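Structural description and commentary
As a plain string of letters, each chain reads:
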Amino acid sequence: MKKVKLPNRPFGPFPTMLVGVDVNGKPNYVTIGACGVVSLENVLYISLKNTHHSTLGVKENGYFSVNIPSADMVQKTDYCGVVSGKTVDKSMLFTSFYDDLGKAPMIKECPMNLLCKVINSVPMFGFEMFFGEIVAVYGNEECLSAGKLDPLKVNPMIMMGSSYFSLGQVVGQVFKEGVEFKKTQNE
Ligand SMILES: Cc1cc2nc3c(=O)[nH]c(=O)nc-3n(C[C@H](O)[C@H](O)[C@H](O)COP(=O)(O)O)c2cc1C
């Protein structure tokens, strides 16, 4: 196996998410790859450029939603990442809905939606990392199998390099593959 040196830049894989915020009372949606977990606590982080229209909304309301688009939403998802709510009204692209709390719009067409309350934020390289406590989660009924959200039905997109990829097939089971491998190791 020969290694080659590559540029010192992240290359992915990144999750493909649509963040929803109300800006001046109107829903705005922005595509992000900078989104993740901190631990298994009910907290997510997102990282938004200071100059984005959406960033205003998160600062204004202290809430944001993270919506997982499925692969068949690739065009509208990419569109939300190339035009700004400063000049284009992105509120009509999707059907917006709200939790009883209100606070941030969510996208009906996305199989999974997480409403988050900002609990911390950290400025970083012209971006703001917002840490959000998950206060409500919604799933589309047709994406459930045996009462649980089914990843293959959600069919999220992963970004890597300059492409979006859909999930593909199951290749192993969490906490089982490692246990199987452990059995083959000499103690
Ligand atoms: C695939 C993709 C991933 C992106 N990831 C991020 C990100 O993680 N953080 C960010 O601030 N902008 C990200 N962007 C750029 C914003 O989506 C883009 O600048 C958008 O137009 C800003 O919209 P707004 O001004 O309405 O908030 C990404 C764009 C694309 C296409």
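Small disclaimer: the values here were computed from a predicted structure and weren't measured.

1. What about the overall build of the chain?
Counting its regular elements, the chain contains four helices and 14 strands. Taken over the C-alpha atoms alone, the chain extends approximately 60 × 45 × 30 Å along its principal axes. When the 187 residues of the chain are sorted by exposure, 37% land in the buried category. Contacts spanning at least 24 positions in sequence make up 60% of the contacts within the chain whose residues lie at least 6 apart. For the chain, the accessible area works out to roughly 11900 Å², and carbon and sulfur atoms hold 58% of it.

2. What about the site of the ligand?
Looking at the ligand, there are 22 residues lining it, with Lys-49, Ser-54, Val-83, Ser-84 and Gly-85 nearest. Here an oxygen atom of the ligand sits 3.0 Å away from a polar atom, N or O, in the side chain of Asn-28. His-53 has a polar backbone atom sitting 2.9 Å from an oxygen atom of the ligand. Across the complex, the protein chains shield 83% of the 650 Å² of accessible surface that the ligand would expose by itself. Only strand 3 (26–32), strand 5 (43–49) and helix 1 (53–61) provide two or more residues apiece to the shell around the ligand. Of the residues forming the shell around the ligand, the biggest block, four residues, is contributed by strand 3. Partitioned by chemical class, the residues of the shell around the ligand number nine nonpolar, ten polar and three charged.

3. As for the nonpolar core
In terms of nonpolar packing, the biggest core is built from 20 residues, with Val-19, Ile-32, Ile-46, Leu-48, Phe-64 and Val-66 touching the most fellow members. Sorting the residues of this core by element identifies strand 2 (17–23), strand 3, strand 5, strand 6 (63–68), strand 9 (112–124) and strand 10 (127–139) as the ones contributing at least two each. With four residues, the top contributor of residues to this core is strand 2. The contact partners of Val-19, leaving out residues within four places of it in the chain, are Asn-28, Tyr-29, Val-30, Ile-32, Ile-46, Phe-64, Ser-65, Val-66 and Asn-67. Residues Tyr-29, Met-73, Phe-94 and Cys-110 belong to the second largest nonpolar core, which totals eight residues.

Definitions and limits used
- Residues numbered from 1 in each chain as written.
- Predicted model: local features only at pLDDT ≥ 70, side-chain atom pairs only at ≥ 80, totals over all residues.
- Heavy atoms only, no water.
- Helix = DSSP H or I, 4+ residues; strand = E, 2+ residues; numbered from the N terminus.
- Buried < 20%, exposed > 50% of the residue type's maximum accessible area, 1.4 Å probe, protein only.
- Contact = heavy atoms within 4.5 Å.
- Areas by Shrake-Rupley, 256 points an atom, 1.4 Å probe, with all protein chains shown as cover.
- Near = heavy atom within 4 Å.
- Polar contact = N/O pair within 3.5 Å; in protein donor to acceptor, adjacent residues only side chain to side chain.
- Nonpolar A, V, L, I, M, F, W, Y, C, P; charged D, E, K, R; others polar.
- Core = buried A, V, L, I, M, F, W, Y, C linked by side-chain atoms within 4.5 Å.

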